[in-house]
Amino acid sequence: MNRKQATKIGLILASPLLIYFLIFFIYPIFLLFRYAFTNTAGSFSLSNFVYMSKDPILYSSLYNTLYYFIGSVAVQFSGGFLAAIVLNSYTGRLKNTFRMILYIPLTISPIVIALIWLLIFNPTYGPIDYILRTPINWLGSLNLAMPTIIVANGWEYIPFVFLIIYAGLQAVPKQYYEAASIDGMNRLQTFRYITMPSITPILVVAFLLNSIGILQGFTLVYVLTNGGPGFSTYILSFYIYKVAFAYFNLHYAAALSLLFIFIIGAFVYAMLKLTSVERYLGLKRENAGDE
Amino acid sequence: MKKLNILLLLLLIIFSLISLFPIYWTIITALKVNSEIFTTVPIFFPVKITLSNFYTPGQTFGAVSQTAFGSFPWLLNSAVIALLSALIGTFLIGAPAAYALTRYLKNVWLGRTVLLMMMIPEAALIIPFYIIIIKVNLINTWWGLTLVYLSFTAPLSTWLLMGFFSDLPRSVEEAASIDGLSAYKIFYKIAMPMIMPGIMVSIILNFINSWNEFLYALVLTYTPFPTGAQTVPLFLSDFIVIEKSFAWGGLAAAGVIVIIPTIIIGIYAQKYLVKGWTMGAVKE
Amino acid sequence: MSEVVIENLTKKFGNNLVLDHINLKIDSREFFVLLGPSGSGKSTLLRLIAGLEDITDGSIYIGGKKVNGVQPKDRDVAMVFQNYALYPHFSVYDNIALPLKVRGFSKDKIAQRVKEISGILHIEELLEKKPRQLSGGQQQRVALARALVRNPSIFLLDEPLSNLDAKLRVEARTFLKSLQKELGVTTIFVTHDQSEAMAMATKIAVLNRGTIKQVADPYELYMKPSDTFTAGFVGSPAMNMVPGKIVKDGNAWKFAAADMALDLKGMKFDSEAEVIMGVRPEHVVISTEGITGIISTVEPLGSVTYLEVKIGGTDIMVQYTGLARIEPNSQVKIGFALDRLLFYDKDTEKLLNK
């Protein structure tokens, strides 16, 4: 079979995906451009971008998105890392059962997470405030609303980071540890020289996938705070939704969507440039010598 | 050594409590009578257990029952749409594309394209999707939402199955080509059956993601079955907005119904799920 | 009529030259072995014959027909892979039946052929099982059955014995050899194991780094390896190689090396030359007269004993027939079977005394 035949077969097999890609990714991005660069009357205009440059809600949304992103990464990585290390170091029965218990939140719909935290964080009847012995208006306070959302979201996605890092730890060959113990390394040295280098690729990939998951966040803000109090929990995805479907300005919303895609694109591009994440993902392979 | 292990076990128990308590709290709220829900001292172990939050004739929420039982028309939509997008994403789009990308089209840009499709957030595409679905007159229909859900199920399936296909020894497919099978027959008669576990992973993960999806359903559907395609997360969100301060028992019961399918999958498909979630991150 | 002819065959992977102008003729009914170390290009050559890879340049003819660009399924070849490549989700029966099924054979005809071939390979009782329920040896037989069931004109095997344990491998050799003889099918067999090649082949082609070093029957290959690579690769333990000079002393020729000098009675050379002398361990004898050396290691294998003898800075491996209690560090004298000595030009590495 020559290259041409192979390419033909490949294109036929991939055609459903390619057609879908054209209609539901390329065309939508074209639509975004068309809407973003026109006004409601339908003629070419930069007004959306002019407005964008001096839109105070956008600026606070961007600030909130950054806050939400950094907070979530910090919570989810520290939680997931800790849980993975603990379960990996534990030498007893029920390891798989613990793993299952710890990942269960990951299966739960974000809308139910919202519901659960409404019940639990309720200032009057919720168990958290009872344990803390003070009624706190978690979601109604300017300073606490975003941290509350970060924690609630963390409860669902810490398991994701946990699972990936745990799988990475499990994949480190036992001989490395045996060699390290024969070489006389203590626990800290073993962690520093064996464990960390072995799981670095996994941490990078986990960071990329987790970041994308975090930026998808919408449901909790929509249900728990509806952006409030004030604009304190407006994040970019929520703002786009509001502009499009509460203020019905699809043109400005399209401009915001392009901004969002641009930000994500820049982030992913930076990840690709600064790390070897593509190699870790198996996208780039070293050409193995074929006999 | 032993002391450390006991400490670790203790930590694991604490983590497990953090993981399970919110779910426990939702379940017992769903089983409590109102007088035990609205107490200033929360009741952690309810004495009186009731199923009335799941079903009490006569109480209404909107046009339907105020109890969780009323969620059935939404549940039906969710089940159909999640199944359709999981199966189409896996069999019609993901598997052939993944096979093509691992065996025939080895261009790094195609892999990057799939990755890109997974990375664009829903909120960034909701506007064009809304425009397209309106244009083709599929708003508030099963097919409309399914088509849009393919935007995350198809690339995820492709991505996952690429990993499974590239782990297959090529020689089996080569043997088949010498035995006389065409390239397409080799794909669906030889290669596909060999990655059955991967197919399972893909279907399960797609199903969970579609079942739990919120934003697209919020924008693209607005009435329950039989007049529309609104899914059960929407039932819940409307329920929350209206009943936030009142029917907690019914709310919790509805929440329990929504999470039951995914939790059951979570328990019984442990092997597949873990593989799916960690795939792409952990190469064995 | 199912010989294979290969003309000026070249294969590149990217810029990597894997096969360089290969010319070969494989006769009908031959048991032809492609022998070489890993990276020599032997598997690639087999895969090119099968049609699994594209030819970069040159031609392949099967049964007189040019098959460049012809699909594997249309070449009338069958192949057994190193890992057997059985279809894991099919039963043994379906594995064997598949090549017939896709060629449109009737159900009865298929059943009859499967029964026949599984009889020949003694796997009748395995037909209902799945491949993963079989032992390595059984899987190998199923792979053979699947390949042979449609009477291919060319039978290709890619290191099919390397996944078997040592004892089974030796049994499988004998079995394969007699099976091939019985069926009379032209067979091309790839291996890196020279003893396997010697045991089975009617003809062997030795490959190294993408070129053919020698094509010969096992006897000639062993006795007259045409260059130093083949000389070193075929035979175990390897041939002794002693660098030195051929010099003319009056009418007689002599071999002079750093640690030894030999009179080459009855041999003739064109001119004096820098050479490498090759001599197999079994052509070195322990005797009462000859060159004195010290035994450095002793490997008693039972039927033979290998002695490494140090002569100055040169180590010579000696094969001693039988088992003997010989102490290391003792002094011995060794002699060479002069008619078995091989001399290779130091620069071209080609055999001088053909």
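Residues numbered from 1 in each chain as written. Chains lettered and ligands numbered in written order. Predicted model: local features only at pLDDT ≥ 70, side-chain atom pairs only at ≥ 80, totals over all residues. Heavy atoms only, no water.

## Regarding the overall build of chain B
The cut-off we apply is this: What counts as a helix is a DSSP run of H or I of at least four residues, what counts as a strand is a run of E of at least two, and both are numbered from the N terminus. Each residue gets one of three labels from its accessible area relative to the maximum for its type: buried under 20%, exposed over 50%, partly exposed in between, using a 1.4 Å probe on protein chains only. Whether two residues are in contact is decided by their heavy atoms: any pair within 4.5 Å suffices. In this description, accessible areas are obtained by the Shrake-Rupley approach with a 1.4 Å probe, and a residue is regarded as covered only by the protein chains that are shown. Positive charges come from Lys and Arg alone, negative charges from Asp and Glu alone, with His and the N- and C-terminal ends not counted. Note that the charge is assigned to NZ on lysines, CZ on arginines, CG on aspartates and CD on glutamates.
Secondary structure assignment for chain B yields 13 helices and two strands. Taken along its principal axes, the extent of the C-alpha atoms in chain B is 75 × 65 × 30 Å. By the burial criterion, 63% of the 284 residues in chain B qualify as buried. Residue pairs at least 24 apart in sequence account for 70% of intrachain contacts in chain B once pairs closer than 6 positions are excluded. Carbon and sulfur atoms make up 72% of the accessible area of chain B, which amounts to about 11,000 Å² in all. Computed over 15 positive and 10 negative side-chain charges, the separation of the two mean positions in chain B equals 6 Å.

## Topic: the interface of chain C and chain A
How big an interface is tends to be reported as the loss of accessible area on association of its parts. Cut-off, in case you're wondering: Accessible area, probed at 1.4 Å, shrinks when two parts are joined; the buried area is that loss added up over both. The term salt bridge refers to a pairing of a side-chain nitrogen on Lys or Arg with a carboxyl oxygen on Asp or Glu at a separation within 4 Å. Any pair of N or O atoms that falls within 3.5 Å is considered a polar contact. Within protein, one atom must be able to donate a hydrogen and the other to accept it, and sequence-neighbouring residues count only if both atoms are side-chain atoms. Ten residue types, Ala, Val, Leu, Ile, Met, Phe, Trp, Tyr, Cys and Pro, are classed as nonpolar, four, Asp, Glu, Lys and Arg, as charged, and the remainder, Gly among them, as polar.
Taken together, the contact between chain C and chain A spans 13 residues of the former and six residues of the latter. In terms of surface lost to chain A, no three residues of chain C exceed F13(C), D54(C) and Q71(C), which account for 51% of the buried area on that side. The interface formed by chain C and chain A includes zero salt bridges. Counting the contacts that link chain C with chain A gives zero residue pairs in polar contact (both at pLDDT 80 or more). A total of three residues in the side of chain C that touches chain A trace back to one element, the largest contributor, which is helix α1 (residues 42-50) of chain C. In terms of residue class, the side of chain C that touches chain A is made up of two nonpolar, eight polar and three charged.

## Examining the sheet that holds strand β3 (residues 31-35) of chain C
Hydrogen bonding along the main chain pairs the strands of a sheet, whether they run parallel or antiparallel. All names here are of chain C. The criterion, for reference: Think of it this way: DSSP has to see at least two bridges between two strands before they count as a pair. Lines fitted to C-alpha atoms define the axes, with helix axes restricted to the stretch in contact, and inter-axis angles between N-to-C directions lie between 0 and 180 degrees.
Spatial strand order, β6-β7-β8-β3-β9-β10: six strands in an open sheet with mixed pairing. Each having just a single partner strand, β6 (77-80) and β10 (211-216) make up the two edges of the open sheet. Going from strand to strand, the sheet's axes swing by 20 degrees on average, the running direction of each strand aside. Where strand β7 (residues 154-158) meets strand β8 (residues 186-191), five bridges bridge the pair, whose relative direction is parallel. Residue pairing in the sheet places L157 in a bridge with F189 of β8. The strands touched by helix α4 (residues 136-148) within the sheet are β6 and β7, with β6 carrying the most contacts at an inclination of about 175 degrees.

## Describing the domain arrangement of chain B
Residues and elements named next belong to chain B. Note the threshold: How far each domain reaches was decided by an automatic or database domain assignment.
On domain assignment, one finds that chain B holds domain 1 (2-37) and domain 2 (69-252 + 259-279). Between the C-alpha centres of domain 1 and domain 2 there is a distance of 31 Å. Roughly 440 Å² of surface becomes buried between domain 1 and domain 2 when both sides are summed, with 79% attributable to carbon and sulfur atoms. Counting across the domain 1 and domain 2 interface gives zero salt bridges. The interface formed by domain 1 and domain 2 holds zero residue pairs in polar contact (both at pLDDT 80 or more) in total. Examining the composition of the side of domain 1 that touches domain 2, we find that four residues originate from one element, helix α1 (residues 2-31), more than from any other.

## Digging into the sheet that holds strand β11 (residues 240-249) of chain C
Residues and elements named next belong to chain C. If you walk across this open sheet you meet the five strands as β13-β12-β11-β14-β20, and the pairing is antiparallel. This sheet does not close on itself; its edge strands, each paired only once, are β13 (261-264) and β20 (342-345). In this sheet, neighbouring strand axes are inclined to one another by 35 degrees on average, regardless of whether the strands run parallel or antiparallel. Note that β11 and strand β12 (residues 252-257) share six bridges and pair antiparallel.

## Some thoughts on the environment of A145(A)
Residue and element names in this part refer to chain A. Tracing the sequence through the fold places A145 in helix α7 (residues 145-170). Judged by relative accessible area, which is 0%, A145 ranks as buried. Sequence spacing of A145 and L58 is 87 residues, and the spatial spacing of their C-alpha atoms is 19 Å. Setting aside anything within four residues of it in sequence, one finds A145 in contact with W138, L139, T225, G228, P229, S232 and T233.

## Some details on the interface of chain B and chain A
Counting from both sides, the interface comprises 99 residues of chain B and, opposite them, 98 residues of chain A. The largest contributions to the chain B side of the interface with chain A come from M119(B), I127(B) and W277(B), which together make up 8% of the buried area. The tally of links between chain B and chain A comes to zero salt bridges. Residue composition of the side of chain B that touches chain A, grouped by class: 74 nonpolar, 20 polar and five charged.

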